[in-house]
Amino acid sequence: MFKHAITRQPGANYQDGLTTVDLGVPDLEKTLLEHSGYLTALKTCGLAVLELEPDLRFPDGTFVEDTAILLSDPQGTCPQGTCSSPNGGAAILTRPGAQSRLDEVSEMKDTLLAFFPEVAQISAPGTLDGGDICEAGSHFFIGISLRTNQAGAQQLAAWLVARGYSASFIDIRQVAGILHLKSGISYIGDNRLVVIDSLAGHPDFKGYELIRVVPGEEYAANCIRVNDYVLIAAGFPKFEATLRKLGYKLLVLDMSEFQKMDGGLSCLSLRF
Ligand code: GLY
């Protein structure tokens, strides 16, 4: 069970952030409304939500997920004595792969120290974005992407293994249309992995029940399981129907202004 989320409100210069898609310029008022809907959804899931102020130095700063990997150990898999926090959790700051986002982590460090007694850090030459990290129970898939390099992936894997988790690398550099690994896969519990077609055949996903996102609905692959709910993006009726049929309780959120900036549901919070 997650108890907390850390979020950051989009700033007035949100539209100056990075994007690889061509969906138009985001509307700030609508962005803020969508963000507010997201916060409400997290609270509906029972989370205490920390709402950080916008930081105009970082137009992409609302995508807080990229700054850290947090272990809340909800599965109780962290062997006793190996975690750095009394509640079984642990934290590591990333080293974002985009130059304009590198210093987002300094700001996040102080925030994390309020929850975790120690905060580790990915170091150069490693780069790593949280969006490339998919936790699936006691296993972590680590995407190798244009943002996360081999050195960063190896540092994170070593840190995870030292805490009783396993990790494997998924190279997405040749997969068209996704910025991060979690643009193309999500773990929603129950041994189920949501995947886009181009990742469905990956041998590392063999042991999971795959929920395939149909062509045209790829953006929906970035969804998040938060306690009793799955948060999904609005506008993807086939995916929504599939999850409803499987019995999931859904919170369906308008994400249009975040999609324009290569952001998804997972990107907007750190959950632990
Ligand atoms: N706009 C999100 C990112 O490129 O990191």
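Quick caveat, the model's predicted, so the values are computed rather than measured. (Residues numbered from 1 in each chain as written. Predicted model: local features only at pLDDT ≥ 70, side-chain atom pairs only at ≥ 80, totals over all residues. Heavy atoms only, no water.)

**Quick word on the side chain of His 35**
Thought 1: Checked against the element boundaries, His 35 lands in helix 1 (residues 28-44).
Thought 2: A polar atom in the side chain of His 35 sits 3.2 Å from the backbone oxygen of Arg 8.
Thought 3: When near neighbours in sequence (up to four residues on either side) are disregarded, His 35 contacts Thr 7, Arg 8, Gln 9, Pro 10, Thr 62, Phe 258 and Leu 268. (Helix = DSSP H or I, 4+ residues; strand = E, 2+ residues; numbered from the N terminus. Polar contact = N/O pair within 3.5 Å; in protein donor to acceptor, adjacent residues only side chain to side chain. Contact = heavy atoms within 4.5 Å.)

**Focus on the pairing of strand 8 (residues 166-171)**
Thought 1: Both strand 7 (residues 139-144) and strand 8 contribute to a ladder of 6 bridges, which runs parallel. Its bridge partner lying in strand 8, Phe 140 is registered against Ala 167.
Thought 2: The parallel pair strand 7 and strand 8, bridged by helix 3 (residues 150-161), forms a crossover whose chirality is right-handed. (Pairing = 2+ DSSP bridges. Right-handed = clockwise from strand over helix to strand, strands pointing away.)

**Focus: the site of the ligand**
Thought 1: Around the ligand lies a shell formed by Leu 18, Asp 60, Phe 63, Arg 101, Arg 147, Leu 179 and Met 261.
Thought 2: Contacts to the ligand include Arg 101, whose side-chain N or O atom sits 2.7 Å from an oxygen atom.
Thought 3: Against a free-state accessible area of 200 Å², the protein chains account for coverage of 99% of the ligand.
Thought 4: Across the shell around the ligand, the residue classes break down as 4 nonpolar, no polar and 3 charged. (Near = heavy atom within 4 Å. Areas by Shrake-Rupley, 256 points an atom, 1.4 Å probe, with all protein chains shown as cover. Nonpolar A, V, L, I, M, F, W, Y, C, P; charged D, E, K, R; others polar.)

**Here we look at the packing of aromatic side chains**
Thought 1: The full count for this structure, using the stated rule, is 10 aromatic pairs.
Thought 2: Summarising the aromatic geometry, the rings of Phe 116 and Phe 272 are spaced 5.2 Å apart at their centres and angled 45° between planes, so their arrangement reads as tilted. Of this pair, Phe 116 sits in the loop between helix 2 (104-113) and strand 5 (120-121) while Phe 272 sits in the segment after strand 15 (270-271), placing them 156 residues apart in sequence. For the pair Phe 116 and Phe 272, a shared accessibility class is recorded, and that class is buried.
Thought 3: Taking the centre distance of 5.4 Å and the plane angle of 80° together, the rings of Phe 140 and Tyr 165 count as edge-to-face. Separated by 25 residues along the polypeptide, Phe 140 in strand 7 and Tyr 165 in the loop between helix 3 and strand 8 bring together distant segments of the chain.
Thought 4: Given the relative accessible area of 1%, Phe 140 is considered buried.
Thought 5: Ring-pair connections join several aromatic residues into one group, and the members of that group are Phe 141, Tyr 187, Phe 205 and Tyr 208.
Thought 6: Geometry around Tyr 229 places Lys 249 over its ring, the cationic atom sitting 4.7 Å from the centre. (Phe/Tyr/Trp six-rings, centres within 6.5 Å; stacked < 30°, edge-to-face > 60°. Buried < 20%, exposed > 50% of the residue type's maximum accessible area, 1.4 Å probe, protein only. Lys NZ or Arg CZ within 6 Å of the ring centre and 35° of its normal.)

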